[in-house]
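Structural overview
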Number of protein chains: 2
Amino acid sequence: MKLSCLQENLAKGLNAVGKVVGTQTDLPILSNILVKTDEGRLKLSATNLEIGVNFWVGAKIEKEGLVTVPAKILVDYINSLPNKKVNLSLEKNVLKLSCEGNRASINGISAEEFPLIPEVKPEISFKLKSEILKEIIPEATVAAALDESRPVLTGVCLKIRGDQLKLAATDSYRLAERTITLPGKAKKEITAVIPSTTLKELLRIIIGDPEIREVNCLVGRDQIMFDLGEGNLVSRLIDGKFPSYEQIVPESNKTKAKIKIEDFVKAIRTGMVFSRDAANNVKLSVKKTGEIEIKSTAVQVGENVSVIKSKVEGEGGEISFNSKYLLDGLASIPGEEVTLELNDKLNPGVLKPVVEKKYFYIIMPLRS
Amino acid sequence: MKLSCLQENLAKGLNAVGKVVGTQTDLPILSNILVKTDEGRLKLSATNLEIGVNFWVGAKIEKEGLVTVPAKILVDYINSLPNKKVNLSLEKNVLKLSCEGNRASINGISAEEFPLIPEVKPEISFKLKSEILKEIIPEATVAAALDESRPVLTGVCLKIRGDQLKLAATDSYRLAERTITLPGKAKKEITAVIPSTTLKELLRIIIGDPEIREVNCLVGRDQIMFDLGEGNLVSRLIDGKFPSYEQIVPESNKTKAKIKIEDFVKAIRTGMVFSRDAANNVKLSVKKTGEIEIKSTAVQVGENVSVIKSKVEGEGGEISFNSKYLLDGLASIPGEEVTLELNDKLNPGVLKPVVEKKYFYIIMPLRS
């Protein structure tokens, strides 16, 4: 192998693939990146067996070749170099690099052992603009479970019916759902559970590379591929039935309050000084007059009551939430105002944007 | 107690005193702040028995009183409030606070148990501008030991002889010394070892409060007080003899290289990708021609050689250092260039600013 490319391009490619490495000590090659000449470009690949990422970088290839080298060393090394021409060559399994005044050797492992990143046989495909993905991925993943006790809850449920695409997630304490309209009707209905780590990795890559303007999503039976143009991300789908969450979405409400998000967030944060050692419990009293009392108590330490103004319709009432989940929800709501819909203190509350957008964030009450 | 003051002023005072709290669980009152009316102002005090800080805040006092309340809760709570008038009052040992829409109660402990922050009987005093302190404190503390195995090395040695003030610190791997000239001759010679945590706390306070333009330093036998105008910081001095470090300061050098700090730092950082798992060992080869080779090796992983340009006087040579200590030293050197003075690979190297400034940073070599 002998080639040269610009540090900037190489760094971009490595930063795209470099986070998806395995930590399994019994398969050390998974912590490596596959570096390979491929039809006049340099192909970089990494996989942790759940997610695999390929990225192609423009390069001047003088001699074909391939090798795998430790991801962390390669990524950090290339990131530390100036934005000049980087020369790469291979001597046995040692990757030689030079760039301006810097020359390095990195010991690699033969590429033969590197696992294949599978191809996806798509049952359906659709394109989404990066701008839309940057909106809907955080809106959905915010509610996904982090602990693996129920694997299906660590995923985001993708549903396509006609021209409607829904992304939903729930960790059983809160639930978020976003709906968007596709440009055309999909050929078939589909339901798939995508690991939320996959969507977060996709988001990280498109945030890091503004040249990716559109992503082609190819959904297969067990796998999904996101085609980024310069690269792609392939992930397994999560096996198992996503809970039929539709039944817990309240159909009506007895109280509806329109609140300035900034005021609401400040009052919750002030209260959290007291509630952080008390399961973040915060008690809301929504008054017909429009005042909302936000009360946090720390036994033996003290308490705080903050009062904010809102526009209230309906009978008002009291309910307790986990402040952290409330803040997560408010952070996912676009615009300056939020609508909080309540029934009673035993039933979930619903946060919705006031700006027209098909999104809601449901939060289960705490017993107070 | 009944009083009111501006949130901004209260927050400034609390942020000044609030970091100096004790963590001893057998003396829970040390994690509290003493809040006390004092001659028309509000006095805030905190101590961990090693360092004590007092700060006075302008307030409208309606009724005298005093109490201690948990520092973390009070500081975080006041910081979370809007910059409006804060009302404080005391009911039994419960501190009541209100500010705009927020009302809190914080359970306190009677002030009787709060330890007295001692007065200092000064043997000598001198004034230093905050701007100078912001320079010399980091320059000296950078080389102080963090581990407590030899307590005297965790301190900074203050020496005053005539109009010369020296601050020096060493953890036995590196040594830093800064000299400044006082406006007048001191009445007597003095040597004192100040805990570097005390100086860092002083630095934190003056960085956080631009109104503190000058600090009056009063050195006593066992204690030092920094009078900040609006407040003061009292600290014990460290008992024990500071090592006579003067003897390890090289009197001459065989090689002297003038290097651009930015180039040097970049090359060391690039090398650290390899050396971070190898005790950060970096080997410098200074050539008569002016080139400096900076070599880092990670056994079984690989290596890097970066070449930078410099102006070399003398015979040149090789020496190994700990990259981390080298970077710490370079970060403490003002200006764009540094002078590196070497003798041979068994003797310390010296970093000095090229801009006129009485400062040096000595670094012990590693065996390579």
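Residues numbered from 1 in each chain as written. Chains lettered and ligands numbered in written order. Predicted model: local features only at pLDDT ≥ 70, side-chain atom pairs only at ≥ 80, totals over all residues.

**Focus on the overall build of chain A**
Note the threshold: Helix and strand assignments come from DSSP, with helices taken as H or I runs of at least 4 residues and strands as E runs of at least 2, each series counted from the N terminus. A residue is called partly exposed when the number of other C-beta atoms within 10 Å of its own lies between 12 and 20, exposed at 12 or fewer, and buried at 20 or more, with C-beta atoms placed from the backbone. Two residues qualify as a contact pair if the distance between their C-beta atoms, derived from the backbone, is within 7 Å.
A tally of helices and strands in chain A yields six helices and 25 strands. When burial is assessed residue by residue, chain A has 43% of its 368 residues classed as buried. Sequence-distant contacts, at least 24 apart, represent 68% of the contacts inside chain A between residues at least 6 apart.

**Digging into the interface of chain A and chain B**
Convention followed: Polar here means any residue other than Ala, Val, Leu, Ile, Met, Phe, Trp, Tyr, Cys and Pro, which are nonpolar, and Asp, Glu, Lys and Arg, which are charged; Gly is therefore polar.
Facing the 25 residues of chain A at the interface are 25 residues of chain B. Sorting the residues of the side of chain A that touches chain B by element identifies helix H2 (71–80), strand E9 (102–107), helix H5 (261–275) and strand E21 (302–314) of chain A as the ones contributing at least two each. In terms of residue count, E21 of chain A provides more of the side of chain A that touches chain B than any other element does, seven residues in total. A per-class count over the side of chain A that touches chain B returns 11 nonpolar, 10 polar and four charged.

**Concerning the pairing of strand E7 (residues 85–91) of chain B**
All names here are of chain B. We apply this condition: Two strands pair under a simple rule: DSSP has to find at least two bridges between them.
Alternating positions in E7 separate cleanly, Val86, Leu88 and Leu90 being buried on one face and Lys85, Asn87, Ser89 and Glu91 remaining unburied on the opposite face. Of the pairings in the sheet, the one linking strand E1 (residues 2–6) to E7 comprises five bridges and is antiparallel in character. For Lys2, the partnering residue across the bridge sits in E7 and is Ser89. Strand direction decides the pairing type here: E7 and strand E8 (residues 94–99), joined by five bridges, are antiparallel.

**Some remarks on the relation of the copies chain A and chain B**
Related by rotation about an axis and a shift along that axis, the two copies of the chain form a pair. Using the following cut-off: Alignment of copies: least-squares fit on C-alpha atoms of residues with pLDDT of at least 70 in both copies.
In screw terms, the move from chain A to chain B is a rotation of 180 degrees and a rise of 0.0 Å along the axis, fitting with an RMSD of 0.0 Å. In symmetry terms, the pair is related by a two-fold rotation axis. Looking at chain A, 100% of its interface residues are interface residues in chain B too, so the copies touch through the same face.

**Some words on the nonpolar core**
Soluble globular proteins tend to bury their nonpolar side chains together. Condition: The term nonpolar core means buried Ala, Val, Leu, Ile, Met, Phe, Trp, Tyr and Cys residues held together as one set by C-beta atoms within 7 Å.
Counting 213 residues, the largest nonpolar core has Ile33, Leu74 and Val156 of chain A together with Ile33, Leu74 and Val156 of chain B as its most contacted members. In contact with Ile33 of chain A, other than residues within four places in its own chain, are Leu14, Val17, Gly18, Leu44, Ser45, Ala46, Thr68, Val69, Ala71 and Leu74 of chain A.

**Focus: the packing of H2 of chain A against helix H5 (residues 261–275) of chain B**
Quick reminder of the rule: A fitted line through C-alpha atoms serves as each axis, taken over the contacting stretch for helices, and the angle formed by two N-to-C directions is quoted from 0 to 180°. Roughly parallel covers angles under 35 degrees, roughly antiparallel covers those over 145, roughly perpendicular covers 65 to 115, and oblique covers all other angles.
Interhelical geometry of H2 of chain A versus H5 of chain B gives an angle of 175 degrees and a closest axis separation of 9 Å. By the angle between their directions, the pair H2 of chain A and H5 of chain B is classed as roughly antiparallel. In this structure, H2 of chain A contributes Ile73, Asp76, Tyr77 and Ser80 of chain A to the contact, and H5 of chain B contributes Arg269, Thr270 and Val273 of chain B. Per-class residue counts for the contact of H2 of chain A with H5 of chain B are three nonpolar, two polar and two charged.

**Comments concerning the domain arrangement of chain A**
Residue and element names in this part refer to chain A. Quick reminder of the rule: Start and end points for every domain follow an automatic or database-based domain assignment.
Along its sequence, chain A is carved into domain 1 (2–113), domain 2 (124–246) and domain 3 (250–363). Taking only C-alpha atoms, the centre of domain 2 and the centre of domain 3 are 28 Å apart. Taken together, the contact between domain 2 and domain 3 spans 11 residues of the former and 11 residues of the latter. Of all the secondary structure elements, the ones that give two or more residues to the side of domain 2 that touches domain 3 are helix H3 (130–141) and strand E13 (174–181). With six residues, E13 is the largest single contributor of residues to the side of domain 2 that touches domain 3. Its residues assigned to classes, the side of domain 2 that touches domain 3 comprises six nonpolar, one polar and four charged.

**Points about unusual backbone geometry**
Among all residues save glycine, negative phi is the norm, and among peptide bonds the norm is trans. For Lys92 of chain A, which is not glycine, the phi torsion reads 55 degrees and is therefore positive. Relative to the assigned elements, Lys92 of chain A resides in the loop between strand E7 (85–91) and strand E8 (94–99). At Gln300 of chain B, a residue that is not glycine, the phi angle is positive and equals roughly 70 degrees. Tracing the sequence through the fold places Gln300 of chain B in the loop between strand E20 (291–298) and strand E21 (302–314).

**Brief notes about the pairing of E9 of chain A**
Residue alternation in E9 of chain A divides its side chains into a buried set, Asn102, Ala104 and Ile106 of chain A, and an unburied set, Arg103, Ser105 and Asn107 of chain A. Taking the residues that link successive antiparallel strands as the turn, the E8 of chain A-E9 of chain A hairpin has two residues, and the phi of Glu100 of chain A there is positive, at about 50 degrees. Across five bridges, E9 of chain A lies against E21 of chain B in antiparallel orientation. For Ser105 of chain A, the partnering residue across the bridge sits in E21 of chain B and is Glu303 of chain B.

**Looking at the environment of Phe274 of chain B**
Residue and element names in this part refer to chain B. By secondary structure assignment, the location of Phe274 is in helix H5. Residue classification places Phe274 among the buried residues on the basis of 27 C-beta atoms within 10 Å. Sequence separation between Phe274 and Lys295 is 21 residues, and the spatial gap between their C-alpha atoms is 9.5 Å.

**Thoughts on the packing of helix H1 (residues 7–17) of chain A against H2 of chain A**
Residues and elements named next belong to chain A. Basically, it comes down to this: Working rule for handedness: look at the near helix, and if it is turned counterclockwise from the far one by less than a right angle, call the crossing left-handed; if clockwise, right-handed.
Two elements in contact, H1 and H2, have axes whose closest approach is 9 Å; the angle formed by their N-to-C orientations is 150 degrees. The two elements H1 and H2 meet at a crossing, and its hand is left-handed. Only Leu74, Val75, Ile78 and Asn79 of H2 make contact with H1, whose side of the interface consists of Gln7, Leu10, Ala11, Leu14 and Asn15. Broken down by class, the residue content of the contact of H1 with H2 amounts to six nonpolar, three polar and no charged.

**Examining the sheet that holds strand E17 (residues 231–236) of chain A**
Residue and element names in this part refer to chain A. The eight strands are arranged E6-E2-E3-E4-E17-E16-E15-E10 in an open sheet whose pairing can be described as antiparallel. Across the chains shown, the open sheet's two edge strands, defined by having one partner strand only, are strand E6 (66–70) and strand E10 (124–129). Taking each pair of neighbouring strands and ignoring which way they run, the sheet shows an average axis angle of 20 degrees. With four bridges connecting them, strand E15 (residues 214–219) and strand E16 (residues 223–227) associate as antiparallel partners. By the bridge assignment for E16, Leu218 is matched with Met225. Lying on the sheet, H1 is in contact with strand E2 (32–38), strand E3 (41–47), strand E4 (51–58) and E17; it crosses E4 at an angle near 175 degrees. Relative to E6, H2 is tilted by about 90 degrees, and along the sheet it contacts E2, E3 and E6.

**Considering the sheet that holds strand E6 (residues 66–70) of chain B**
Pairing between sheet strands relies on hydrogen bonds along the backbone, with the strands arranged either parallel or antiparallel. Residue and element names in this part refer to chain B. The sheet built from eight strands is open, its strands ordered E6-E2-E3-E4-E17-E16-E15-E10 with antiparallel pairing. Both outer strands of the open sheet, E6 and strand E10 (124–129), are each paired with one neighbouring strand and no more. Within the sheet, the average angular offset between the axes of one strand and its neighbour, ignoring direction, is 20 degrees. Two strands pair when backbone bridges link them, and strand E2 (residues 32–38) and strand E3 (residues 41–47) are joined in this way by five bridges, in the antiparallel orientation. Paired with Asp38 across the strands is Arg41, a residue of E3. The sheet contacts of helix H1 (residues 7–17) involve E2, E3, strand E4 (51–58) and strand E17 (231–236), and relative to E4 the element is tilted by about 175 degrees. Strand contacts of helix H4 (residues 196–208): E4, strand E15 (214–219), strand E16 (223–227) and E17, with the helix running at about 170 degrees to E17, the strand carrying the most contacts.

**Focus on the confidence of the model for chain A**
Threshold: One confidence number per residue, pLDDT, is output by the predictor and ranges from 0 to 100.
Residues at a pLDDT of 70 or more form 100% of chain A, whose mean pLDDT is 96. Under the prediction, the complex receives an ipTM of 0.89, its pTM being 0.92.

**Focus: helix H3 (residues 130–141) of chain B**
Three- or four-residue spacings in an α-helix give side chains the same orientation, since the helix completes a turn every 3.6 residues. Selection rule: Working rule for helices: expected span equals 1.5 Å times residues minus one.
In this model, H3 of chain B (12 residues) spans 16 Å end to end at C-alpha, consistent with the 16 Å of a helix rising 1.5 Å per residue. By the burial criterion, the buried members of H3 of chain B are Ser130, Leu133, Ile136, Ile137, Glu139, Ala140 and Thr141 of chain B.

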